[in-house]
Amino acid sequence: MSPKAPACGWDKAVFRCGRCGTEFTALTEAEYLKAVGAHGDAHAVWDRLNSIERSGITSILRTILSAPELAAELLALADRQTAGGEGR
(Lines give C-alpha, C1' and ligand atoms only; values in the text may rest on other atoms or scores of the structure.)
Protein backbone atom coordinates (compact mmCIF):
# COMPACT_ATOMS: atom_id res chain seq x y z
CA MET A 1 0.00 0.00 0.00
CA SER A 2 1.23 3.42 -0.86
CA PRO A 3 0.47 6.40 1.32
CA LYS A 4 -2.11 8.84 0.01
CA ALA A 5 -0.65 11.71 -1.93
CA PRO A 6 -1.32 15.13 -0.46
CA ALA A 7 -4.22 17.00 -2.02
CA CYS A 8 -3.17 19.40 -4.69
CA GLY A 9 -4.75 22.79 -4.94
CA TRP A 10 -4.54 26.44 -4.07
CA ASP A 11 -3.69 27.50 -0.54
CA LYS A 12 -2.71 31.16 -0.76
CA ALA A 13 -0.16 33.30 -2.51
CA VAL A 14 1.49 36.60 -1.71
CA PHE A 15 2.05 39.11 -4.48
CA ARG A 16 4.89 41.57 -3.89
CA CYS A 17 5.46 44.33 -6.42
CA GLY A 18 9.12 44.91 -7.12
CA ARG A 19 8.42 48.48 -8.23
CA CYS A 20 6.41 49.94 -5.35
CA GLY A 21 6.51 47.35 -2.57
CA THR A 22 2.78 46.64 -2.51
CA GLU A 23 1.91 43.29 -0.92
CA PHE A 24 -1.32 41.40 -1.44
CA THR A 25 -2.29 37.97 -0.16
CA ALA A 26 -4.72 36.05 -2.37
CA LEU A 27 -6.71 33.08 -1.17
CA THR A 28 -7.65 31.88 -4.66
CA GLU A 29 -5.85 31.72 -7.96
CA ALA A 30 -8.52 33.89 -9.59
CA GLU A 31 -8.13 36.52 -6.88
CA TYR A 32 -4.35 36.48 -7.37
CA LEU A 33 -4.57 36.86 -11.15
CA LYS A 34 -7.10 39.69 -10.81
CA ALA A 35 -4.93 41.56 -8.28
CA VAL A 36 -1.73 41.18 -10.29
CA GLY A 37 -3.48 42.30 -13.49
CA ALA A 38 -5.10 45.33 -11.85
CA HIS A 39 -1.84 46.34 -10.17
CA GLY A 40 0.09 46.07 -13.43
CA ASP A 41 -2.57 48.11 -15.23
CA ALA A 42 -2.38 50.77 -12.49
CA HIS A 43 1.38 51.05 -12.98
CA ALA A 44 0.92 51.34 -16.76
CA VAL A 45 -1.60 54.18 -16.39
CA TRP A 46 0.41 55.94 -13.67
CA ASP A 47 3.56 55.82 -15.83
CA ARG A 48 1.78 57.64 -18.67
CA LEU A 49 0.68 60.57 -16.48
CA ASN A 50 2.66 63.70 -15.73
CA SER A 51 2.80 65.10 -12.18
CA ILE A 52 -0.20 67.45 -12.69
CA GLU A 53 -2.31 64.61 -14.10
CA ARG A 54 -1.24 62.32 -11.25
CA SER A 55 -2.30 64.90 -8.68
CA GLY A 56 -5.62 65.49 -10.43
CA ILE A 57 -6.58 61.85 -10.85
CA THR A 58 -5.58 61.09 -7.26
CA SER A 59 -7.84 63.88 -5.99
CA ILE A 60 -10.73 62.75 -8.19
CA LEU A 61 -10.37 59.10 -7.15
CA ARG A 62 -10.25 60.00 -3.44
CA THR A 63 -13.49 61.96 -3.82
CA ILE A 64 -15.32 59.38 -5.92
CA LEU A 65 -14.17 56.28 -4.05
CA SER A 66 -15.25 57.78 -0.73
CA ALA A 67 -18.79 58.25 -2.07
CA PRO A 68 -20.00 55.34 -4.24
CA GLU A 69 -23.35 57.07 -4.83
CA LEU A 70 -21.46 60.03 -6.32
CA ALA A 71 -19.60 57.69 -8.67
CA ALA A 72 -22.90 56.14 -9.81
CA GLU A 73 -24.44 59.56 -10.41
CA LEU A 74 -21.39 60.80 -12.33
CA LEU A 75 -21.50 57.74 -14.58
CA ALA A 76 -25.24 58.22 -15.16
CA LEU A 77 -24.66 61.90 -15.95
CA ALA A 78 -21.86 61.02 -18.36
CA ASP A 79 -24.12 58.46 -20.09
CA ARG A 80 -26.94 61.02 -20.44
CA GLN A 81 -24.56 63.68 -21.74
CA THR A 82 -23.05 61.28 -24.28
CA ALA A 83 -26.44 60.06 -25.46
CA GLY A 84 -28.15 63.46 -25.57
CA GLY A 85 -25.36 65.83 -26.39
CA GLU A 86 -23.61 68.25 -24.06
CA GLY A 87 -26.53 70.65 -23.54
CA ARG A 88 -29.27 70.49 -20.93
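Residue numbering note: each chain is counted from 1, following its sequence as written. Local features in this predicted model are restricted to residues of pLDDT 70 or higher, and side-chain atom pairs are both shown and tallied only at a pLDDT of 80 or more, whereas totals for entire chains, interfaces and linings draw on every residue. For the side-chain quantities, the full set of heavy atoms in the structure was used; hydrogens and water were omitted.

Observations regarding the pattern of salt bridges
Okay, step 1: A side-chain nitrogen of Lys or Arg and a carboxyl oxygen of Asp or Glu constitute a salt bridge if their distance falls within 4 Å. Scanning the entire structure with this criterion turns up two salt bridges.
Okay, step 2: Here Glu23 makes a salt bridge to Arg16, at a shortest N to O gap of 3.3 Å.
Okay, step 3: With relative accessibility at 55%, the residue Glu23 sits in the exposed group.
Okay, step 4: Where Arg19 meets Asp47, a salt bridge forms, and the shortest distance between an N and an O atom there is 2.9 Å. Pair noted here: Arg19 is in the loop between strand S1 (13–16) and strand S2 (23–26) and Asp47 is in helix H1 (residues 29–48), with a separation of 28 residues, a long-range link.
Okay, step 5: The exposure class of Arg19 is exposed, given its relative accessible area of 56%.
Okay, step 6: A 1.4 Å probe rolled over the protein chains alone gives each residue an accessible area, and that area as a share of the maximum for its type sets the label: buried under 20%, exposed over 50%, partly exposed in between. Residue Asp47 is classed as partly exposed on the basis of its relative accessible area, which comes to 41%. Each helix is a run of DSSP H or I of at least 4 residues and each strand a run of E of at least 2, with the numbering of both proceeding from the N terminus.

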